[in-house]
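# Residue-level structural notes
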Amino acid sequence: EIHARILPFNKKASDGSVFPKEVILKYLDSEQCRFRLTTKTCLGGITHINRDPSKVPSNLIAVVDQFLLTKSITHYVSEFYIDHVDGWLCGVLKFFDPSLFEGTPTAEDIKFVTGLIKAGVALPVSAAVFAKWNGNICVELLDLTGVDITLSPGFEGAGLLLNKRI
């Protein structure tokens, strides 16, 4: 398990989007958030490549299902919490046991990422969200489907907190 800063309150992302604190808090109290956490379906992998609509082979397949096709899931978010001091939505990421996927690229991806973490690499992360917007301002966070490892996070400071492990 490792903690991560995921979304800051009221700060602009590289694309200009902003998530107000009250919108994030409302999502954390939602049935959809509880569903994601209890079913372990707030999933993540390496980069956002698995969330690219152009990579989905058919319009019958949801973009979020691309993960299932590529089999490149490395972790899930087990809980969310608020860092009120610095103003962030944070989460606890749990990496899957690579032995469950032995002999597959998934096992290698999990070993690769956890190896980087053990070597002290503070990897950035980026959230995958479905939301309603008023311009660049998020007015309703409908779903947070995952948190991916990336070297190009949407928000400066989003990433793994190596000093906060359980």
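Just above, that's the structure.
Parameters and conventions
Residues numbered from 1 in each chain as written. Predicted model: local features only at pLDDT ≥ 70, side-chain atom pairs only at ≥ 80, totals over all residues. Heavy atoms only, no water. Helix = DSSP H or I, 4+ residues; strand = E, 2+ residues; numbered from the N terminus. Buried < 20%, exposed > 50% of the residue type's maximum accessible area, 1.4 Å probe, protein only. Contact = heavy atoms within 4.5 Å. Arc of directions from axis to C-beta. Phe/Tyr/Trp six-rings, centres within 6.5 Å; stacked < 30°, edge-to-face > 60°. Core = buried A, V, L, I, M, F, W, Y, C linked by side-chain atoms within 4.5 Å. Pairing = 2+ DSSP bridges.

## Remarks on the overall build of the chain
Looking only at helices and strands, the chain has four helices and seven strands in total. Reading the helices (α) and strands (β) of the chain from amino to carboxyl end gives β-α-α-β-α-β-β-α-β-β-β. With 166 residues in all, the chain has 44% of them scored as buried. The long-range share in the chain, meaning contacts at least 24 apart out of those at least 6 apart in sequence, stands at 65%.

## Things to note about helix 1 (residues 21-28)
Buried within helix 1 are the following residues: V23, I24 and Y27. Taken around the axis of helix 1, the buried residues stretch over an arc of 95°, which confines them to a single face. Seen from the buried face of helix 1, the exposed residues on the opposite side, beyond 90 degrees, are E22 and K26. Those residues of helix 1 that are buried lie in contact with strand 1 (2-8), helix 2 (31-38), strand 3 (73-83), strand 4 (88-95) and strand 6 (137-149).

## Quick notes on the packing of aromatic side chains
Geometry of an aromatic ring pair is reported as the spacing of the ring centres plus the angle between the planes. Taken as a whole and assessed by the stated rule, the structure comprises four aromatic pairs. Taking 6.3 Å as the distance between ring centres and 85° as the angle between the ring planes, the aromatic pair formed by F96 and F101 counts as edge-to-face. A residue is classified by how much of its surface remains accessible, and F96, at 21% relative accessible area, is partly exposed. On the basis of relative accessibility, which here comes to 29%, the residue F101 falls in the partly exposed class. An aromatic cluster of at least three residues, connected via ring pairs, comprises F19, W133 and F155.

## Concerning the nonpolar core
In this structure, L7, F80, L144 and L160 are the most contacted members of the largest nonpolar core, which totals 35 residues. Mapped onto this core, the elements with two or more residues apiece are strand 1, helix 1, strand 3, strand 4, helix 4 (105-118), strand 5 (125-134) and strand 6. With six residues, the single largest contributor to this core is strand 4. With sequence-adjacent residues up to four places away left out, L144 is seen in contact with L7, Y27, R36, C42, F80, L89, A127, A128 and V129.

## Brief notes about the side chain of T106
In this structure, T106 sits in helix 4. For T106, a relative accessible area of 6% gives the class buried. With residues near it in sequence (within four places) discarded, T106 still touches K71, S72, I73 and F101.

## Examining the pairing of strand 6
Taken together, the ten bridges between strand 5 and strand 6 define a ladder with antiparallel strand orientation. Residue pairing across strands places W133 opposite C138, the latter belonging to strand 6. Between the antiparallel neighbours strand 5 and strand 6 lie two residues, among them G135 with a positive phi of about 70°.

## Digging into unusual backbone geometry
Both trends apply: most residues other than glycine have a negative phi, and most peptide bonds are in trans. At N10, a residue that is not glycine, the phi angle is positive and equals roughly 60°. Here N10 is to be found in the loop between strand 1 and helix 1. Of the residues examined, N10 reaches a relative accessible area of 51% and is grouped as exposed. The residue K40 is not glycine, and still its phi comes out positive at about 60°. For K40, a relative accessible area of 44% translates into the label partly exposed.

## So, the pairing of strand 4
For a regular strand, side-chain orientation follows a simple rule: the groups alternate between the two sheet faces. Here strand 4 lies mainly inside the structure; seven of its eight residues are buried. In the sheet, strand 1 pairs with strand 4 via six bridges, with the strands oriented antiparallel. Note on strand 4: the bridge partner recorded for A4 is G91. Two strands pair when backbone bridges link them, and strand 3 and strand 4 are joined in this way by eight bridges, in the antiparallel orientation. For Y76, the partnering residue across the bridge sits in strand 4 and is K94. The turn linking strand 3 back onto strand 4 is made up of four residues, and G87 within it adopts a positive phi angle of 75°.

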